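# Notes for the structure review
What follows is each chain in one-letter form.
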Amino acid sequence: MKVTRFEGGRSTAIRALVVAVAGLGLTLLGGFFDPQRALQAYHVAFVYWAGIAVGALIVNMAFQAAKARWYVVVRRVLETIPLSSALFLVLFVPVLLGMGHLFPWVDPSHLEGELRRLAEHRRPYLNAPFFALRTAGYFGLWIAVSHLLHGWSTRQDTEGGAALTLKQRRLGAGALPFVGLAMTFAAFDWQMSLDLHLFSTIFGLYYFAGSFLAAFAVLILAVNASRAEGLPRALMNANHDHSLGKWMLAFVSFWAYIAFSQYLLMWIANLPEEVPWYLARSKTAWLPVGIFLAVFHFIVPFFVLLSRGLKRNPRALSFMAVWILIVHYVDVYWVMMPALRHDPEHGIAPHWTDLTALVGVGAAAVAFVVWRMRGRAGVPVGDPFLEESLRYEPS
Amino acid sequence: MASAATWVLAEFKDEAALCAAARRLRELGQQRLDAHSPVPLHGIDEALGLRKSPVPLIALIGGVAGVAGGYLMQWWMNAVDFPINVANRGFHSPPTNIPITFETGVLLASLSIVFGLFALCGFPRTHHPVFETEGFRTASVDALWLSAEVKAEDAEPVSRELEKLGAVQVSRVPEGL
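Just so we're clear, the structure is a prediction, and the values are computed from it rather than from any experiment. (Residues numbered from 1 in each chain as written. Chains lettered and ligands numbered in written order. Predicted model: local features only at pLDDT ≥ 70, side-chain atom pairs only at ≥ 80, totals over all residues. Heavy atoms only, no water.)

### A closer look at helix H5 (residues 155-164) of chain B
All names here are of chain B.
- Within H5, the full set of buried residues consists of Ala 155, Val 158, Ser 159, Glu 161 and Leu 162. Down the axis of H5, the sector holding all buried residues measures 160°, keeping them to one side.
- On the buried face of H5, the contacting elements are strand S1 (5-12), helix H1 (15-27), strand S3 (144-151) and strand S4 (169-174).
- One or two positions beyond H5, positive phi appears at Gly 166, with a value near 100°. (Buried < 20%, exposed > 50% of the residue type's maximum accessible area, 1.4 Å probe, protein only. Helix = DSSP H or I, 4+ residues; strand = E, 2+ residues; numbered from the N terminus. Arc of directions from axis to C-beta. Contact = heavy atoms within 4.5 Å.)

### What to know about the packing of helix H14 (residues 287-305) of chain A against helix H16 (residues 314-341) of chain A
All names here are of chain A.
- With their axes 10 Å apart at the nearest point, H14 and H16 run at an angle of 155° to one another. Comparing their axes, H16 and H14 come out roughly antiparallel. In the packing of H14 onto H16, the handedness of the crossing is left-handed. Between H14 and H16, the contacting residues are Val 289, Gly 290, Phe 292, Leu 293, Phe 296, His 297, Val 300, Pro 301, Val 304 and Leu 305 on the first element and Leu 317, Met 320, Trp 323, Ile 324, Val 327, His 328, Val 330, Asp 331 and Trp 334 on the second.
- Split by residue class, the contact of H14 with H16 holds 15 nonpolar, three polar and one charged. (Axes fitted to C-alpha atoms, helices over the stretch in contact; angles between N-to-C directions. Parallel < 35°, antiparallel > 145°, perpendicular 65-115°, else oblique. Left-handed = near helix turned anticlockwise from the far one by under 90°. Nonpolar A, V, L, I, M, F, W, Y, C, P; charged D, E, K, R; others polar.)

### Some remarks on the sheet that holds strand S2 (residues 33-36) of chain B
Residue and element names in this part refer to chain B.
- With antiparallel pairing, four strands are arranged side by side in an open sheet as S2-S3-S1-S4. With one partner strand each, in any of the chains shown, S2 and S4 form the two edges of the open sheet. Each neighbouring strand pair of the sheet contributes to a mean axis angle of 20°, computed without reference to strand direction.
- With respect to the sheet, H1 is in contact with S1, S2 and S3, its orientation differing from that of S3 by roughly 10°. (Pairing = 2+ DSSP bridges.)

### Here we look at the side chain of Arg 134 of chain A
All names here are of chain A.
- Turning to its location among the elements, Arg 134 is positioned in helix H8 (residues 128-159).
- With a relative accessible area of 9%, Arg 134 lands in the buried category.
- If we skip the residues at most four places from it in the chain, Arg 134 touches Tyr 125, Leu 126 and Asp 189.

### Notes on helix H1 (residues 10-33) of chain A
All names here are of chain A.
- Helix length check: H1 (24 residues) gives 35 Å between terminal C-alpha atoms against 34 Å at 1.5 Å per residue, within 8%.
- Within H1 the residues assigned to the buried category are Ala 13, Ala 16, Ala 20, Gly 23, Thr 27, Gly 30 and Gly 31.
- Taken together, the buried residues of H1 touch helix H2 (35-65) and helix H17 (352-373). (Expected span 1.5 Å × (residues − 1).)

### Describing the environment of Glu 274 of chain A
Residue and element names in this part refer to chain A.
- Take Glu 274: it is sitting in the loop between helix H12 (238-269) and helix H13 (276-282).
- Looking at Glu 274, the relative accessible area reads 15%, which means it is buried.
- Between the alpha carbons of Glu 274 and Phe 212 there is a distance of 26 Å; along the sequence they are 62 residues apart.
- Residues contacting Glu 274, with those up to four places away along its chain left out, are His 197, Phe 199, Met 266 and Ala 269.

### Observations regarding a nonpolar patch on the surface
- On the surface, a cluster of nonpolar side chains totalling about 620 Å² of accessible area is made up of Ile 299, Phe 303 and Leu 306 of chain A together with Leu 57, Leu 60, Ile 61 and Val 64 of chain B.
- Elements with a contribution of two residues or more to the nonpolar patch: H14 of chain A together with helix H3 (55-81) of chain B.
- At four residues, H3 of chain B tops the list of elements feeding residues into the nonpolar patch.
- Along the chain, Leu 60 of chain B falls in helix H3. (Patch = residues over 30% accessible without salt bridge, like charges linked within 9 Å, V, L, I, M, F, W, Y side chains within 5 Å. Areas by Shrake-Rupley, 256 points an atom, 1.4 Å probe, with all protein chains shown as cover. Salt bridge = Lys/Arg side-chain N within 4 Å of Asp/Glu carboxyl O.)

### What about the interface of chain A and chain B?
- Contacts between the two partners involve 11 residues from chain A, matched on the other side by 12 residues from chain B.
- Between chain A and chain B, a total of about 890 Å² is buried, with carbon and sulfur atoms accounting for 75% of that surface.
- At the surface where chain A touches chain B, the tally comes to zero salt bridges.
- For the pair chain A and chain B, the interface holds two residue pairs in polar contact (both at pLDDT 80 or more).
- No other element matches H12 of chain A, which puts six residues into the side of chain A that touches chain B. (Buried area = accessible area lost by both parts, 1.4 Å probe. Polar contact = N/O pair within 3.5 Å; in protein donor to acceptor, adjacent residues only side chain to side chain.)

### Concerning the environment of Trp 145 of chain B
Residues and elements named next belong to chain B.
- For Trp 145, the position within the fold is in strand S3.
- With 109 residues separating them along the chain, Trp 145 and His 36 place their C-alpha atoms 5.0 Å apart.
- One polar contact links Trp 145 to Thr 138, side chain to side chain, over a distance of 3.0 Å.

### What to know about the packing of aromatic side chains
- Using the criterion set out here, one finds 51 aromatic pairs over all chains in the structure.
- With 5.3 Å between their ring centres and 55° between their planes, Trp 105 of chain A and Phe 131 of chain A make a pair best called tilted. Highlighted residues: Trp 105 of chain A in the loop between helix H6 (99-102) and helix H7 (113-121) and Phe 131 of chain A in helix H8, separated in sequence by 26 residues. Of the two residues, Trp 105 of chain A and Phe 131 of chain A, neither departs from the other in class, the shared state being buried.
- Considering the side-chain rings of Trp 247 of chain A and Phe 251 of chain A, the 5.9 Å spacing of their centres and the 20° angle between planes classify their relative orientation as stacked. Here Trp 247 of chain A and its partner Phe 251 of chain A are both found in helix H12, four residues apart, which amounts to about one turn of the helix.
- When its relative accessible area of 13% is taken as the criterion, Phe 251 of chain A is described as buried.
- Members of the aromatic cluster, joined through ring pairs, are Phe 46, Phe 88, Phe 92, Phe 103, Trp 105, Phe 131, Tyr 138, Phe 139, Trp 142 and Trp 190 of chain A.
- Directly above the aromatic system of Tyr 125 of chain A lies the positively charged group of Arg 134 of chain A, at a separation of 3.6 Å from the ring centroid.
- A cation over an aromatic ring shows up here: Arg 89 of chain B above the ring of Trp 267 of chain A, its NZ or CZ 5.4 Å from the ring centre. (Phe/Tyr/Trp six-rings, centres within 6.5 Å; stacked < 30°, edge-to-face > 60°. Lys NZ or Arg CZ within 6 Å of the ring centre and 35° of its normal.)

So, in C-alpha cells, the structure goes:
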C-alpha cells in the first residue's frame with residue numbers, strides 16, 4: 001500500500017491552540033479573582049482529560065493484547081491520542097503548585113479531630129514530595145508506553161513486516177497491568193485523597209470505567225471529524241462504526257456496574273467513616289446530579305445504544321459520543337467538586353472557570369494530538385492486518 | 001395441501017456464482033431459499049434477502065422480563081409475603097434488590113437467546129429429506145450449496161435455471177421421501 005502522509009489539520013491545530021490559550025488564559029485570570037475556585041475548576045478539567053488520554057492508551061493496549069485486527073484502520077488515531085500524556089505532565093504543574101489549596105492532607109495542622117488523625121496517619125504516603133514523585137512516575141510510564149507503541153507502529157509504515165506488530169502486541173499485553181495500576185493509583189492520588197473519608201478500593205476502576213468509555217467517544221469523534229484522504233473515515237465501513245458503538249454500549253453498562261457496586265457496598269455496610277462521602281452527595285443539593293447520572297449516564301444511553309441502526313450511522317454515533325463526553329464530565333465533577341469545596345450544603349454553584357478550564361485543557365489536547373497526527377500516514381499502512389481490517393465484516 | 005414441496009439443491013464452485021443464483025431465483029419469485037457452506041459467505045444475507053434476525057428482540061423481551069420478574073419477586077417476598085427487619089433498612093429496600101434483578105435480567109436474556117435460536121432453527125428437528133442426497137454432504141466439507149424449497153410443479157424449471165446459472169450439479173428431493 002502507498003504511504004500517504006496526512007498533511008492536513010494545520011488550521012484545526014492552530015484554531016484549537018488559540019482556543020486553548022484563550023481558555024487557559026481566562027482560567028488564569030479567574031485565578032486572580034478567586035485562586036481556590038479556579039484551581040478546583042482546573043484540577044477537575046485536568047483529571048477529566050488526562051483520564052481520557054490514558055483510557056485511549058489502555059484501549060489500544062487491550063486490543064493489542066487481544067490481537068484485534070478489525071481496529072487497525074483506526075489505530076493511528078488511537079495511538080496518537082495517548083501521546084498527549086506528555087502534554088498532561090506539563091499541565092499537571094499548576095495542580096502541583098496549587099496543591100495546598102486542593103488537598104486537605106498537604107497541611108494537616110489545618111484539620112481537626114478524626115480528619116487530622118487520618119491525615120497524620122497517612123503522612124508516609126500522602127505527602128507533597130512523594131505525591132509529586134508518584135505522579136511523575138505514572139506519567140513516565142504512560143509516556144514511555146505510548147511513545148513505544150506509536151514509534152513501532154509508525155516505523156512499520158515504511159519498514160512493514162510482522163516483527164513490529166509482535167513487539168506492539170507483547171508490550172501491549174505485558175505493560176497492561178502496570179498501566180492499569182498506575183491509573184488506579186492516579187485515581188487514589190488525584191481524586192480519592194481529596195476526601196480523607198473516602199475508602200473505596202474500587203475507586204480506581206470507577207475512574208477507569210468512565211475514562212475508557214470517554215476514550216471511545218473521543219475516538220469516534222476524532223475519526224468522524226474528517227473525511228480527508230488518507231484518514232480512517234474514508235476507509236471505514238459500517239461494521240467499524242457498529243463495533244465502536246458496541247464498545248460504548250458495553251462500557252456504559254460497565255460504568256454503571258462499578259458505580260453501583262461502590263454505592264451498594266458503602267450503603268449496605270453503613271459505616272460511619274464511609275457514608276459521609278455519599279451523604280455529601282445525597283442529602284444535599286448534589287442529589288439531583290446523582291440521579292441525573294443514573295438516568296443519563298446509564299439508563300438512556302444504554303437503551304439508545306441498543307439500536308443497531310444507530311450504531312451503524314456515524315452521525316448518530318457522533319451525537320452519542322458528545323453525549324457521553326458531557327455526562328462523563330458531570331460524573332467527574334460530581335465525584336470531585338463536593339470534596340474539593342468542603343461545602344456540599346451550599347449547593348452546586350458552578351463557576352465560569354469550570355467552563356474555561358474544561359475547554360482550555362481539552363483544546364490544548366486536541367491541538368497537540370492533531371499536530372502529532374500530521375506528517376505521518378493517517379492509518380498504519382505497514383500493518384499486515386490492515387487489509388483484513390478494511391474488509392472487516394463480522395459473521 | 002395444494003402441492004407438495006420439493007427441494008432443489010444446487011452445488012456451486014464459488015460464492016459469487018451462488019449469490020448471483022440466489023438473486024436470480026428471488027427475481028423469479030422463489031423466496032424460500034437457503035445456503036449451505038462450510039465457511040462464512042460474504043454478501044449471502046443480502047443475496048438470500050434475509051430479514052433482520054429477530055433474536056435481538058427476543059433477547060430484549062427476555063431481559064426486560066427477567067429484570068421485572070426478579071425485582072417483583074424480591075419485593076413480594078421481602079415486603080409482602082414474609083417481611084423481616086434486616087438492619088432496619090425497610091422491607092422494600094431498592095438497592096439490595098438490584099444485584100438479583102441484574103442477575104435474573106442477564107439469565108433470562110441469555111436463555112431467551114439460546115432457546116429462541118433453537119426455535120428459529122427448527123430444533124429439535126433431527127432429520128430433513130435433503131440429507132438423503134449423498135452429494136449434499138459435501139456442504140460440510142468443501143462445497144457451497146444453494147437450496148430452494150419450491151412447489152412440485154416448479155421443481156423442473158428451477159432446476160434448469162440453476163444449471164444455466166452455473167450449478168455444478170443439481171438434485172431434486174420431493175417432500176415425503
